[in-house]
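Structural characterization, general
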Amino acid sequence: PEATAVAVLPGGLLATNVHVLGNAETLRIRLSDGRLMAASIVAKDTATDLALIKAPVELPVLSPAPPPKLAQPVCAIGNQFGLGLSVSCGVVSAVHRTGTGFNEIEDFVQTDATVNPGGSGGALVDYEGRLVGLVSAIFTKQSDADIGVNFAASIDLVMRVVTDLRDHGRVVRGVLGFEAGDLTEAEQAALVGVRVRRVDRAGPAFAAGLDAGDIIERVGVRRVRRGTDLTSALALFRPGERVGLTVQ
């Protein structure tokens, strides 16, 4: 299948989506100057649908963008419909989107910039050419074509995953030591957050003071409204890192 990849690390390392690689063992990439060459698959992370591949040449790496804001102009760059490099522009229509059903772990930047088949793995950039995210999914019900609701894995999630794939061949994730779930509809009338259902009393969450029944409202400065928000926010941290929770 035709798709796209973006240089994200030195050494010819590019990020793309697992779903476009499928079961492929070999692949070829075409550079923007038209050259076609063999590339290799370094590693995949199915939980985020992100994969790392390696080209046999050094490629310029895009700089990461600062956190995007709602209505900020962005452009999607990719190999849409296999026609070659295409650029479409729009705005950021949502940030930290989770629970779309595409991946186990999601941290999507939503955009109305047009994306069609072949655009997966492409770059979502701001107007200074900095990488906002990796185009990953088209939200559609009837056909595999653009209807203006498209998702790109955030640059924070992309770099969290690809650096681990480069260094370890897999994503190293920490043990949280608790389980949490959505609030009931009745609870949502007065509360916003995620309720802790169970805590491992030998784990790090209990040692930090978390207990069953607590309601987690924020991870750092990021508000969580449902379980997928919590999973996404915590997945950005590496084992050993400290993170502050706002808990009721």
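Residues numbered from 1 in each chain as written. Predicted model: local features only at pLDDT ≥ 70, side-chain atom pairs only at ≥ 80, totals over all residues. Heavy atoms only, no water.

**Side note on the packing of aromatic side chains**
- Applying the stated criterion to the full structure yields 4 aromatic pairs.
- Taking the centre distance of 6.0 Å and the plane angle of 85° together, the rings of phenylalanine 139 and phenylalanine 151 count as edge-to-face. Here phenylalanine 139, found in the loop between strand S10 (131-138) and strand S11 (150-154), pairs with phenylalanine 151, found in strand S11; they are 12 residues apart in sequence, far enough to count as distant.
- Using a relative accessible area of 30% as the deciding quantity, one classes phenylalanine 139 as partly exposed. (Phe/Tyr/Trp six-rings, centres within 6.5 Å; stacked < 30°, edge-to-face > 60°. Helix = DSSP H or I, 4+ residues; strand = E, 2+ residues; numbered from the N terminus. Buried < 20%, exposed > 50% of the residue type's maximum accessible area, 1.4 Å probe, protein only.)

**A word on the pattern of salt bridges**
- One pass over the structure, following the stated rule, counts 11 salt bridges.
- Residues aspartate 107 and arginine 222 are paired through a salt bridge, measuring 3.0 Å at the closest nitrogen-oxygen approach. In this pair, aspartate 107 sits in the loop between strand S7 (86-97) and strand S8 (108-111) while arginine 222 sits in strand S15 (residues 222-223), placing the two residues 115 residues apart along the sequence. Exposure class is identical for aspartate 107 and arginine 222. Each is buried.
- Its salt-bridge partner being aspartate 211, residue arginine 201 comes within 3.6 Å of it at the nearest N-O pair. Here arginine 201 is found in the loop between strand S13 (194-199) and helix H4 (204-207), whereas its partner aspartate 211 is found in the loop between H4 and strand S14 (215-219), with 10 residues between them in sequence.
- Aspartate 211 sits in the partly exposed class, given a relative accessible area of 27%.
- In this structure, a network of salt bridges that share partners links the residues Asp126, Glu128 and Arg130. (Salt bridge = Lys/Arg side-chain N within 4 Å of Asp/Glu carboxyl O.)

**Points about the environment of threonine 246**
- One can find threonine 246 in strand S16 (residues 245-247).
- Sequence-distant contacts of threonine 246, that is, excluding residues within four places in its chain, are made with Ile215, Ile216, Glu217, Arg218 and Gly220. (Contact = heavy atoms within 4.5 Å.)

**Quick notes on the sheet that holds S7**
- Overall, antiparallel pairing links the 6 strands, which are arranged S6-S7-S8-S11-S10-S9 in a closed barrel. Direction aside, neighbouring strands of the sheet carry axes that sit 45° apart on average.
- Of the pairings in the sheet, the one linking S10 to S11 comprises 5 bridges and is antiparallel in character. Residue pairing across strands places alanine 137 opposite phenylalanine 151, the latter belonging to S11. (Pairing = 2+ DSSP bridges. Axes fitted to C-alpha atoms, helices over the stretch in contact; angles between N-to-C directions.)

**Here's the deal with the nonpolar core**
- Counting 24 residues, the largest nonpolar core has Val8, Leu50, Leu131, Val158 and Val162 as the members making the most contacts within it.
- Mapped onto this core, the elements with two or more residues apiece are strand S1 (6-9), strand S2 (13-17), strand S5 (50-54), strand S9 (123-126), S10 and helix H2 (155-168).
- If you tally residues by element for this core, the top one is H2, at 6 residues.
- Residues within four places of leucine 131 in sequence aside, it is in contact with Val6, Val8, Leu62, Ser63, Pro64, Ala65, Ala123, Leu124, Val125 and Ile155.
- Core analysis: the second largest hydrophobic core is formed by 13 residues, Leu14, Leu31, Met37 and Ile53 among them. (Core = buried A, V, L, I, M, F, W, Y, C linked by side-chain atoms within 4.5 Å.)

**Notes on the state of the cysteines**
- In this structure the tally under the stated criterion is 1 disulfide.
- Here cysteine 75 engages in a disulfide with cysteine 89; their sulfurs sit 2.1 Å apart. Disulfide cysteine 75 to cysteine 89: torsion about the S-S bond roughly 95°, handedness right-handed. One end of the pair, cysteine 75, is in strand S6 (residues 73-78); the other, cysteine 89, is in strand S7, and 14 residues separate them in sequence. (Disulfide = S-S within 2.5 Å.)

**Observations regarding the sheet that holds S5**
- Spatial strand order, S1-S2-S5-S4-S3: 5 strands in an open sheet with antiparallel pairing. Looking at which strands have only one partner, the edges of the open sheet turn out to be S1 and strand S3 (27-30). Across this sheet, the average inter-strand angle for adjacent strands is 50°, counted without regard to direction.
- For S1 and S2, the ladder comprises 3 bridges, and the chain directions are antiparallel. Following the sheet pairing, valine 6 is matched in S2 by alanine 15.
- Together, S1, S2, strand S4 (36-45) and S5 form the strand contacts of H2, whose direction differs from that of S5 by roughly 50°.

**Some remarks on the side chain of glutamate 106**
- Here glutamate 106 lies in the loop between S7 and S8.
- Buried charge without a salt bridge: glutamate 106, with arginine 226 as the nearest opposite-charge side chain at an N-O distance of 6.9 Å.
- From its side chain, glutamate 106 meets the backbone nitrogen of asparagine 103 in a polar contact 2.8 Å long.
- Contact partners of glutamate 106, with chain neighbours within four places excluded, come to Arg97, Thr98, Gly99, Thr100, Gly101, Leu157 and Ser232. (Lys, Arg positive; Asp, Glu negative; His and termini not counted. Polar contact = N/O pair within 3.5 Å; in protein donor to acceptor, adjacent residues only side chain to side chain.)

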